[in-house]
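So you can see what is in the structure, the chains are spelled out below.
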Amino acid sequence: MTTTRIAVGQAAAETGNIAHNVATACRLVRGAAERGAALLLLPELFLCGYDLGAMARNPDAMAITADDPLLTPLRACCREYAISLVVGACLASQIGRTNSALVIGANGETAAVYDKIHLWTTEMPHFAPGDSRRLVDLDGFHVGLAICYDAGFPEHCRALALACPSRSRRADSPWPTPPSRVSCCRRKRCGGATSRRRGTTNCWSARVRWTHGSSARSGRCIVSRRSSCCGRCGARR
């Protein structure tokens, strides 16, 4: 069975300062790679900062495109250290601005983009909802994507888990448990049950710092396929 090490990173993002946040992401990528990780997960809207007030005042300053030149240092860093990255961003696309998870592969290229389907009430004025789930194959390691409120819907995580190719089974469980699949959900609800019943590893990374009058649910956690917590950190970086 192939083992893939996953890192879950967290740091305070500066609102609207995408270049600064890219530099912070590069630092976290290097740190994760030096610890042997093949995949790093960063929080929702990390590249622009989760600040809906700023989004309302100056939305253009918060948005980038999936091929934006501002991402060049981050792509180069992923390529140099041979590590994949899932990072939150406000993306400008044909359907409008989206609350998205951008997946950069170990080759520095865009591997996938997922647009958040289930927007929270306060997010609805600022983002267009996505219309499809996303499962990405990173060299045989399958990653299902969800952003915050998405993971409050059991059918979302369940569909991603069932879509993963089955390659092996545990002797003590009737559920298919391929050796390389992960559901990158950022909310604990439903995640534990999905881990146990569908044989997935679930990872969460919450934003830090107060934003637009609301506190962030700071913390990082990795829940194993047996629904046990195998890694947890608090609000510190």
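Structure shown above.
Residues numbered from 1 in each chain as written. Predicted model: local features only at pLDDT ≥ 70, side-chain atom pairs only at ≥ 80, totals over all residues. Heavy atoms only, no water.

### Quick look at the packing of aromatic side chains
Part 1: Enumeration over the complete set of coordinates arrives at 2 aromatic pairs.
Part 2: A network of ring pairs unites the aromatic residues W120, Y149 and F153 as a single cluster. (Phe/Tyr/Trp six-rings, centres within 6.5 Å; stacked < 30°, edge-to-face > 60°.)

### Here's the deal with the side chain of K116
Part 1: Within the secondary structure, K116 sits in the loop between β6 (110-115) and β7 (135-138).
Part 2: Within the structure, K116 has its side chain in polar contact with the side chain of E123 (distance 2.9 Å).
Part 3: If sequence neighbours within four positions are ignored, K116 has contacts with E44, N99, E123, P129, G130, I147, C148, Y149 and D150. (Helix = DSSP H or I, 4+ residues; strand = E, 2+ residues; numbered from the N terminus. Polar contact = N/O pair within 3.5 Å; in protein donor to acceptor, adjacent residues only side chain to side chain. Contact = heavy atoms within 4.5 Å.)

### Topic: the pattern of salt bridges
Part 1: Per the counting criterion, the structure on display carries 2 salt bridges.
Part 2: Ionic pairing is found between K116 and E44, a salt bridge with its closest N-O pair at 3.0 Å. Here K116 is found in the loop between β6 and β7, whereas its partner E44 is found in the loop between β2 (39-41) and α2 (52-57), with 72 residues between them in sequence.
Part 3: K116 sits in the buried class, given a relative accessible area of 1%. (Salt bridge = Lys/Arg side-chain N within 4 Å of Asp/Glu carboxyl O. Buried < 20%, exposed > 50% of the residue type's maximum accessible area, 1.4 Å probe, protein only.)

### Topic: the nonpolar core
Part 1: Counting residues in each nonpolar core, the largest one holds 28 residues, and the members touching the most others are L40, L42, F46, L47, L74 and L85.
Part 2: Breaking this core down by element, the ones donating at least two residues are α1 (18-34), α4 (72-81), β4 (84-93) and β5 (96-104).
Part 3: Formed by 16 residues, the second largest nonpolar core is a distinct cluster that contains V8, L41, A101 and A112. (Core = buried A, V, L, I, M, F, W, Y, C linked by side-chain atoms within 4.5 Å.)

### A short note on α4
Part 1: Within the sequence span of α4, burial applies to L74, R75, C77 and C78. Projected down its long axis, α4 carries its buried residues within an arc of 160°, all on one side.
Part 2: Tucked inside the fold, the buried residues of α4 contact α1, β4, β5 and β6.
Part 3: Directly beyond the C-terminal end of α4, a positive phi value near 55° is found at A82. (Arc of directions from axis to C-beta.)

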